[in-house]
Amino acid sequence: MDIAWTALALSLKVAAWATALNLLLGIGTGYLLARARFPGRNLLDALLTLPMVMPPTVLGYYLLVLLGRRGPLGIWLQDNFGINLIFTWQGAVIASTVVAFPLVFKPARAAFEAVDGQLEQAARVLGISELAIFFRVTLPLAWRGILAGVLLGFVRALGEFGATLMVAGSIPGKTQTLSVAVYEAVQAGQDDAANMLVLITSLVCIAVLLAAGRLAPGRIVHK
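Residues numbered from 1 in each chain as written. Predicted model: local features only at pLDDT ≥ 70, side-chain atom pairs only at ≥ 80, totals over all residues. Heavy atoms only, no water.

Caption draft 1: Region of interest: the overall build of the chain. Along its length, the chain carries ten helices and zero strands. Beginning at the N terminus, the succession of helices and strands in the chain can be written as α-α-α-α-α-α-α-α-α-α. Across its three principal directions, the C-alpha atoms of the chain cover 65 × 60 × 30 Å. Expressed as a percentage of contacts within the chain between residues at least 6 apart in sequence, the contacts between residues at least 24 apart total 71%. A total of about 12600 Å² of accessible surface is found on the chain, and carbon and sulfur atoms cover 68% of it. Distance between charge centroids for the chain: 9 Å, based on 16 positive and 11 negative side chains. (Helix = DSSP H or I, 4+ residues; strand = E, 2+ residues; numbered from the N terminus. Contact = heavy atoms within 4.5 Å. Areas by Shrake-Rupley, 256 points an atom, 1.4 Å probe, with all protein chains shown as cover. Lys, Arg positive; Asp, Glu negative; His and termini not counted. Charge placed at Lys NZ, Arg CZ, Asp CG, Glu CD.)

Caption draft 2: Inspection of the packing of aromatic side chains at higher detail. If you walk through the whole model with that rule in mind, you get nine aromatic pairs. Centroid distance Trp-76 to Phe-81: 5.2 Å. Interplanar angle 70°. Geometry classified as edge-to-face. Plain terms: the ring middles of Phe-101 and Phe-105 are 5.5 Å apart, the flat faces sit at 5° to each other, and that makes the pair stacked. Here Phe-105 and Phe-101 lie together in helix α5 (residues 89-114), a separation of four residues that amounts to about one turn. Residue classification places Phe-101 among the buried positions, given a relative accessible area of 10%. Cluster of aromatic residues (ring-pair linked, three or more members): Tyr-31, Phe-112, Phe-134 and Phe-135. Across from the ring centre of Trp-89, 3.9 Å away, lies the NZ or CZ of Lys-13, which sits over that ring. (Phe/Tyr/Trp six-rings, centres within 6.5 Å; stacked < 30°, edge-to-face > 60°. Buried < 20%, exposed > 50% of the residue type's maximum accessible area, 1.4 Å probe, protein only. Lys NZ or Arg CZ within 6 Å of the ring centre and 35° of its normal.)

Caption draft 3: Geometry of unusual backbone geometry. Located in the positive-phi region is Phe-87, a residue other than glycine, with phi close to 60°. Summarising the element assignment, Phe-87 is placed in the loop between α4 (72-81) and α5. Residue classification places Phe-87 among the partly exposed positions, given a relative accessible area of 49%.

Caption draft 4: Up close: the layout of surface pockets. For the largest pocket, the calculated volume is near 250 Å³. Forming the boundary of the largest pocket are 13 residues, of which Pro-51, Leu-63, Thr-97, Val-98 and Phe-101 lie nearest the centre. When residues of the lining of the largest pocket are traced back to their parent elements, those giving at least two are α1 (2-35), α2 (41-49), α3 (56-67) and α5. For the lining of the largest pocket, the residue count by class is eleven nonpolar, two polar and no charged. What the second largest pocket holds in volume is close to 200 Å³. Surrounding the second largest pocket, twelve residues form its lining, Ile-3, Ala-4, Gln-190, Ala-193 and Leu-197 being those nearest its centre. Those elements giving two or more residues to the lining of the second largest pocket turn out to be α1, α9 (178-187) and α10 (191-215). Among the residues forming the lining of the second largest pocket, the class breakdown is nine nonpolar, two polar and one charged. (1 Å grid on protein atoms, 1.4 Å probe; cavity = no way out; pocket = protein on both sides within 12 Å on 5 of 7 lines; lining within 4 Å. Points joined across faces, edges and corners; volume = space filled by probe spheres on them. Nonpolar A, V, L, I, M, F, W, Y, C, P; charged D, E, K, R; others polar.)

Caption draft 5: The side chain of Thr-49, seen in detail. Tracing the backbone through its elements, the reader meets Thr-49 in helix α2. Residue classification places Thr-49 among the buried residues on the basis of a relative accessible area of 15%. Of the polar contacts made by the side chain of Thr-49, one reaches the backbone oxygen of Asp-45; its length is 2.7 Å. Apart from the residues within four sequence positions on either side, Thr-49 is in contact with Pro-102, Phe-105 and Lys-106. (Polar contact = N/O pair within 3.5 Å; in protein donor to acceptor, adjacent residues only side chain to side chain.)

Structure representation (structure tokens):
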């Protein structure tokens, strides 16, 4: 039972960090592709959406090649900062961030594209700066779609398995998330532990989805 709660705490920690990173990255790239016009825009959109359709194990392999001790980014981090991301919870955060990113990016882009450009233009006529327009006009009008994507990204990061296992491994108490713990329990023939872990995972996911329904604006309240 202690292993289950430890895995849950680690999963929530990893998912929270991944969601925070994706919130910043998703809003930035979503706004860029919704407003800017430049050569290769569609190609960039396809590359950013790729983690949604690519097998997680393939993504995990790419991350290993990039972040491993012999990878270009891994060597740079080790030589300059003494940082090794492989088999760490931070590595699990990176894997979850990459896998869940399209679920935040795509709704954010759609939400920004749905904002009436005339409202932004009216704000410019009034002399409001571009930064103020973004925070006072565009973002408040787009936040519903962004919130939906963030919640979906959180649930996806919470249940991420393939890329996380390849990058962070399965070290109990350090890198063993709920989904990885379920896999290890099944492999070891520990059905009771697997059932408990699956139940906890399901309840957490249901709770997040219920919270999403309550937080979503525009709900009809019946008196």
